[in-house]
Every structure is written in C-alpha cells, then in structure tokens.
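# Geometric and topological summary
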Amino acid sequence: MADGQRIDWQAIPTRYRRWQALPVWRKLRWLVTRSLTMVVAYVGFAVAILWYNEPTPVEAIGADRESPLALVGALVTTPELGLLLILVPAVVAAVLLPNRPSWRG
C-alpha cells in the first residue's frame, strides 16, 4: 500500500450490505462483466505465451492453414502450457465464487 492509504475496516460491512441490497440484474451484470474481462485478459496472455513458445501452430492458425483446435494439442503436449487450461477457470472461480450469497443449493 502507498503511504497515506488506510483500509477502512468499518466500511466493509456497510459496503457488503449495500451489495446485498442491489437488484439481481446489477449483481449479474457485475459478475458477467468481471468474468468476461478476466477471460479476455487471460486469453490474450495465453495467446502471447503460446506465440512465444509455440510459434508454428499460432502462425498456421493465423494463415488459416489449421483450425484453432491445433492449439489444444500444443497445450496438452506441453505440460507447462497445459497449466493455462487449468489457470483460467481457477482464477475465474476464485474471483466469482466468494461473491455467492449462499452456499446452500
């Protein structure tokens, strides 16, 4: 944290009550925009990582010589890159699930 910034711990319950009072459509809009932003950002980073590590399949897809499913093969055959398949859903779940109001079905 930068100098002079403080966390107002007493405001957290107030903000949580305000969040709970919002209409469902506003909560859904927030969740959808947050998840889409994260997915777009992670896909962009994944493409950059793949382009650097696996340039041949990426260039072939860009030139319409192969389908985008060829990247799945590159991800599966390279365990380090396969982590990208797990990382995106895990981060989306970690950000969105704590906002769930009730864990009872």
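Summarised in this report is the structure supplied together with it. Values in this document were obtained by computation on a predicted structure and should not be read as measured data.

### Points about the overall build of the protein
Helix and strand counts for the protein stand at five helices and zero strands. Secondary structure elements of the protein occur, N-terminal to C-terminal, as α-α-α-α-α. A burial count over the protein gives 20% of its 105 residues as buried. A fraction of 52% describes how many contacts in the protein between residues 6 or more apart in sequence connect residues 24 or more apart. Approximately 8400 Å² of the protein is accessible, and the part contributed by carbon and sulfur atoms is 65%.

### Describing the packing of aromatic side chains
On inspection of all chains with the given rule, the structure shows one aromatic pair. On the numbers, 5.2 Å between centres and 75° between planes, the contact of Trp19 with Trp30 is edge-to-face. Taken together, the positions of Trp19 in helix H1 (residues 11-21) and Trp30 in helix H2 (residues 24-53) put the pair eleven residues apart, joining distant regions of the chain. Using a relative accessible area of 18% as the deciding quantity, one classes Trp19 as buried.

### Some words on the packing of H2 against helix H3 (residues 55-62)
At a closest axis distance of 6 Å, the pairing of H2 and H3 adopts a crossing angle of 115°. Counting all contacts with H2, which are made through Leu50, Trp51, Tyr52 and Asn53, the residues of H3 involved are Pro55, Val58 and Glu59. Per-class residue counts for the contact of H2 with H3 are five nonpolar, one polar and one charged.

Parameters at a glance
Residues numbered from 1 in each chain as written. Predicted model: local features only at pLDDT ≥ 70, side-chain atom pairs only at ≥ 80, totals over all residues. Heavy atoms only, no water. Helix = DSSP H or I, 4+ residues; strand = E, 2+ residues; numbered from the N terminus. Buried < 20%, exposed > 50% of the residue type's maximum accessible area, 1.4 Å probe, protein only. Contact = heavy atoms within 4.5 Å. Areas by Shrake-Rupley, 256 points an atom, 1.4 Å probe, with all protein chains shown as cover. Phe/Tyr/Trp six-rings, centres within 6.5 Å; stacked < 30°, edge-to-face > 60°. Axes fitted to C-alpha atoms, helices over the stretch in contact; angles between N-to-C directions. Nonpolar A, V, L, I, M, F, W, Y, C, P; charged D, E, K, R; others polar.

Function cannot be read off these values alone, since they describe shape.
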